[in-house]
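Listed below, chain by chain, are the residues.
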Amino acid sequence: MATAIHKVKLALPDIEVIENCDDEAVAHYIETHLLNGTEI
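Read on for an overview of the structure. Please read these numbers as outputs of a predicted model, since none were measured by experiment.

## Quick look at the overall build of the protein chain
Then, number 1: Looking only at helices and strands, the protein chain has two helices and zero strands in total.
Then, number 2: Within the protein chain, the proportion of its 40 residues that are buried is 5%.
Then, number 3: A total accessible area of about 3,500 Å² is found for the protein chain, and carbon and sulfur atoms account for 58% of it.

Below, the structure is given as structure tokens:
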């Protein structure tokens, strides 16, 4: 997540950054990548 603690981002440099929690980024990621666009 874009709002993760800086140390976490440094520890996981190859992880995909997906928006921030205010934009319900995790829900959007799940819908797009795991549910193939199907709304929850």
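## Quick word on a nonpolar patch on the surface
Then, number 1: A cluster of nonpolar side chains, contributed by Ile5, Val8, Leu12 and Ile15, occupies part of the molecular surface with about 380 Å² of accessible area.
Then, number 2: Looking at the element boundaries, Ile5 is found in the segment before helix H1 (6-11).
Then, number 3: Look at Ile5 and you get exposed, because its relative accessible area is 62%.

Each value, and the rule that gives it
- Residues numbered from 1 in each chain as written.
- Predicted model: local features only at pLDDT ≥ 70, side-chain atom pairs only at ≥ 80, totals over all residues.
- Heavy atoms only, no water.
- Helix = DSSP H or I, 4+ residues; strand = E, 2+ residues; numbered from the N terminus.
- Buried < 20%, exposed > 50% of the residue type's maximum accessible area, 1.4 Å probe, protein only.
- Areas by Shrake-Rupley, 256 points an atom, 1.4 Å probe, with all protein chains shown as cover.
- Patch = residues over 30% accessible without salt bridge, like charges linked within 9 Å, V, L, I, M, F, W, Y side chains within 5 Å.
- Salt bridge = Lys/Arg side-chain N within 4 Å of Asp/Glu carboxyl O.

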